[in-house]
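# Descriptive analysis of the structure
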Amino acid sequence: MNKTDQLRNLPAVDEVLRSDALSDLRECCPHHRLVGWVRDALERVRQTMRDGGEVDLSALPDSIAAHVRQAATVEQQQSLQTVINATGVLLHTNLGRAPLAQAAIDRMLRAAAYSNVELDLRSGQRSGRGARVLKLLAELTGAESALVVNNCAGATMLVLQAIAGGREVIISRGQLVEIGGGFRLPEVFTAAGAVLREVGTTNRTYLRDYEQALNDQTGAIIRVHHSNFQQSGFVEEPTIKELAGIRRPSTIPVVDDLGSGCIRDLSAYGVSEPTVTESVGAGAELTLFSGDKLFGGPQCGIIVGRQSWIRQLRESPMMRALRVDKVTLAGLEATTEIHLSEGRLDELPLFKMLGRKSESVRDTCVSVRQQIAGVSSARIEVVPCESRIGGGTLPGATLSSYALKITGCKTSELSRSLRLGTPAVQSRAADDGLLLDLRTVAPSEVDLLVSQLRRALAQGSGV
Ligand SMILES: *Cc1c(COP(=O)(O)O)cnc(C)c1O
């Protein structure tokens, strides 16, 4: 058969779709997707023929089925699923930041069907959305009132737009930061319709710089916490208490964008961050922070502060676009309850990981090493390492920890094989091998980790 005949003899898409080789996929995959995959496979065959390659037409149904099966597997791997975090980064943005407390997960499940998110069960009347969690957040932080939006970036947008839209917002040049993922404050100001009024210099801004910038166009003063970078040396900036003490009309609030959302003093964990309560106590009219950083809850932005300002935010048209769903509110409610009772703090996986002694991590490493020894010729050691907090918080802080270090095999293949297992395991690349820092692996996940490691090592990523 010449090339043109061969090409003409290729089966039609419909014919392939009806073949026995695809019978199981026909049941589980949407039709339009199967059609696309079959088309791709046929196109590849055509290309091979045009390039002068040999194609065995009798084996075509099977090879096309294999291609489609591969495409279906790749698709499946992209669905959201559990990942065991062996990176040692506690708040890993790519892995969804804070892992939630079991109580929060349970409450989210409970609220996921119909729930009383805007219904007062006693009166039968409509209630404020998530009224109880807002009350708890105010109680926890010592603020008059609270509001929850989609994330802290959303909170910043809402505040700038609803309170200072069209007017000037005074900010230190040392705080015009990029938060990450392209979220740059000057651009947020523009998008929110607020006018940036920069004062001071990169390294030094004084109280008088703010005072001198005040005028009848001023809409707010904002302080943005240095959550993801450090400044040292010849530096100065006023405290939030000093900013709140500036003599100014009552129409100009001081806003504190804290980001990290530290609720109480974490110095026992070697973490030093300004707390939300300090900010509220120092007189900031509005304090903003993330729900999924040091607060250890679901993704959201929490705004606490004076009742009159919170009311203005709540009534803004933007609020409707930024509100969170019932499942988030439920998880936040349960997380806030944990913060309210000091004895329960250990229920937050984040705090458990922060507080875990390095010797305990080492013991787990030793035990895992024993269970995976001899599976392959790779070299496996237990080595000291540093865990990080991550998530755009505490850039300088590290926790001493231990890791399994795997060398003497194709470590990039091993890490890929671990990522593609069920459950997936995310490890960390080191200069000369692969590291699995077990501080961020929950005790309940250790057995699963062992079986994934045994599988991936046995599959042969040998040199
Ligand atoms: C992290 C952070 C934000 C953004 O918070 P998201 O919840 O991720 O939107 C804003 N401001 C500061 C100071 C931050 O640290």
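All values derive from a computational prediction rather than experimental measurement.

### Looking at helix H15 (residues 326-340)
Here H15 contains 15 residues, and its C-alpha end-to-end distance of 21 Å stays within 8% of the 21 Å for a straight helix at 1.5 Å per residue. Those residues of H15 lying buried are Thr 328, Leu 329, Ala 330, Gly 331, Leu 332, Glu 333, Ala 334, Thr 335, Thr 336, Glu 337, Ile 338 and His 339. Taken together, the buried residues of H15 touch helix H6 (102-111), helix H7 (131-141), strand E2 (145-149), strand E8 (301-305) and helix H16 (349-355).

### A word on the site of the ligand
Taken together, the neighbourhood of the ligand is formed by 13 residues, with Cys 152, Ala 153, Ser 227, Ser 290 and Lys 293 sitting nearest. One of the side-chain nitrogen or oxygen atoms of Ser 227 is found 2.4 Å away from an oxygen atom of the ligand. When the ligand is considered free in solution it has 380 Å² of accessible area, and contact with the protein chains removes 94% of it. The set of elements that each furnish at least two residues to the shell around the ligand consists of helix H8 (152-164) and strand E6 (254-259).

### Examining the packing of aromatic side chains
For the coordinates displayed, the defined rule picks out 2 aromatic pairs. A ring pair is formed by Tyr 269 and Phe 351, whose centres lie 5.8 Å apart and whose planes are at 85°; its orientation type is edge-to-face. Taken as a pair, Tyr 269 in the loop between E6 and helix H12 (276-281) and Phe 351 in helix H16 lie far apart in primary sequence, 82 residues in all. By relative accessible area, Phe 351 is classed as buried at 3%. On the basis of an interplanar angle of 55° and a centroid distance of 5.9 Å, the ring pair of Phe 289 and Phe 295 is categorised as tilted. A single burial state applies to Phe 289 and to Phe 295, both of which are buried. Directly above the ring of Phe 234 sits Arg 204, whose terminal nitrogen or CZ lies 3.8 Å from the centroid.

### Topic: unusual backbone geometry
For residues that are not glycine, phi is negative in most cases, and the peptide bond is trans in most cases. Cis rather than trans, the peptide bond between Thr 422 and Pro 423 has omega equal to 0°. Examined against the element boundaries, Pro 423 turns out to sit in the loop between helix H18 (411-419) and strand E11 (424-426).

### A closer look at the nonpolar core
One finds Leu 158, Val 159, Val 169, Phe 189, Leu 286, Ile 303 and Leu 313 to be the most contacted residues of the largest nonpolar core, which totals 30 residues. Going through the elements one at a time, E2, H8, strand E3 (168-172), helix H9 (185-192), strand E5 (218-224), strand E7 (286-290), helix H13 (307-314) and helix H14 (317-322) are the ones with two or more residues in this core. Ranked by the residues each element gives to this core, the list is headed by H8, at 8 residues. Among all residues touching Leu 158, those that are not within four sequence positions of it are Leu 147, Val 149, Ile 163, Ile 303, Leu 313, Ser 316, Met 318, Met 319 and Leu 322. Judged by nonpolar contacts, the second largest core, of 25 residues, contains Ile 406, Val 446, Val 450 and Leu 457.

### Concerning H18
Taken residue by residue, H18 has Leu 414, Ser 415, Ser 417 and Leu 418 as its buried positions. Looking straight down H18, one finds that the buried residues subtend no more than 160° of arc, so they occupy a single side. On the buried face of H18, the contacting elements are strand E10 (393-407), E11, strand E13 (433-437) and helix H19 (446-458).

### Digging into the sheet that holds strand E12 (residues 428-430)
With antiparallel pairing, the 4 strands of this open sheet are ordered in space as E9-E10-E13-E12. Among the strands making up the open sheet, the edge pair consists of strand E9 (379-390) and E12. Here the strands of the sheet are splayed against their neighbours by 40° on average, with no regard to which way each runs. With 3 bridges connecting them, E12 and E13 associate as antiparallel partners. In the sheet register, Ala 430 faces E13, and the bridge partner there is Gly 433.

### Here we look at the sheet that holds E2
Two modes of strand pairing occur in sheets, parallel and antiparallel, and in both the strands are linked by backbone hydrogen bonds. The strand order across the open sheet formed by 7 strands is E2-E8-E7-E6-E5-E3-E4, and the pairing between neighbours is mixed. The open sheet terminates on both sides in strands that have one partner only, identified here as E2 and strand E4 (195-199). For this sheet, the mean inter-axis angle between neighbouring strands, taken without regard to orientation, is 25°. The pairing of E7 with E8 spans 5 bridges and is classified as antiparallel. Bridging across to E8, Leu 288 finds its partner in Ile 303.

### Some thoughts on the environment of Thr 251
With respect to the secondary-structure elements, Thr 251 resides in the loop between helix H11 (240-244) and E6. The exposure class assigned to Thr 251 is partly exposed, which follows from its relative accessible area of 47%.

### Thoughts on the pairing of E9
Bridge analysis of E9 against E10 gives 11 bridges, and the strand direction is antiparallel. Within the sheet, the bridge partner assigned to Val 382 lies in E10 and is Leu 404. Hairpin remark: E9 followed by E10, antiparallel, with 2 residues in the connecting loop; positive phi at Gly 391, about 65°.

### Side note on the packing of H18 against H19
Across the interface, H18 lies against H19 with an axial gap of 9 Å and an inter-helix angle of 135°. By the angle between their directions, the pair H18 and H19 is classed as oblique. Handedness of the crossing formed by H18 with H19: right-handed. Where H18 approaches H19, its residues Leu 414, Ser 417 and Leu 418 are matched on the opposing element by Gln 452, Leu 453, Arg 455, Ala 456 and Leu 457.

### Section: the pattern of salt bridges
For the structure shown, the criterion picks out 26 salt bridges. Ionic pairing is found between Glu 168 and Arg 197, a salt bridge with its closest N-O pair at 3.2 Å. Placement of the pair is Glu 168 in strand E3 and Arg 197 in strand E4, with a sequence separation of 29 residues. Owing to a relative accessible area of 16%, Glu 168 belongs among the buried residues under this scheme. With a shortest N-O distance of 3.9 Å, Arg 184 and Glu 187 are connected by a salt bridge. Overall, Glu 187 belongs to the partly exposed group, its relative accessible area being 47%.

Quick notes on the rules
Residues numbered from 1 in each chain as written. Predicted model: local features only at pLDDT ≥ 70, side-chain atom pairs only at ≥ 80, totals over all residues. Heavy atoms only, no water. Helix = DSSP H or I, 4+ residues; strand = E, 2+ residues; numbered from the N terminus. Expected span 1.5 Å × (residues − 1). Buried < 20%, exposed > 50% of the residue type's maximum accessible area, 1.4 Å probe, protein only. Contact = heavy atoms within 4.5 Å. Near = heavy atom within 4 Å. Polar contact = N/O pair within 3.5 Å; in protein donor to acceptor, adjacent residues only side chain to side chain. Areas by Shrake-Rupley, 256 points an atom, 1.4 Å probe, with all protein chains shown as cover. Phe/Tyr/Trp six-rings, centres within 6.5 Å; stacked < 30°, edge-to-face > 60°. Lys NZ or Arg CZ within 6 Å of the ring centre and 35° of its normal. Core = buried A, V, L, I, M, F, W, Y, C linked by side-chain atoms within 4.5 Å. Arc of directions from axis to C-beta. Pairing = 2+ DSSP bridges. Axes fitted to C-alpha atoms, helices over the stretch in contact; angles between N-to-C directions. Parallel < 35°, antiparallel > 145°, perpendicular 65-115°, else oblique. Left-handed = near helix turned anticlockwise from the far one by under 90°. Salt bridge = Lys/Arg side-chain N within 4 Å of Asp/Glu carboxyl O.

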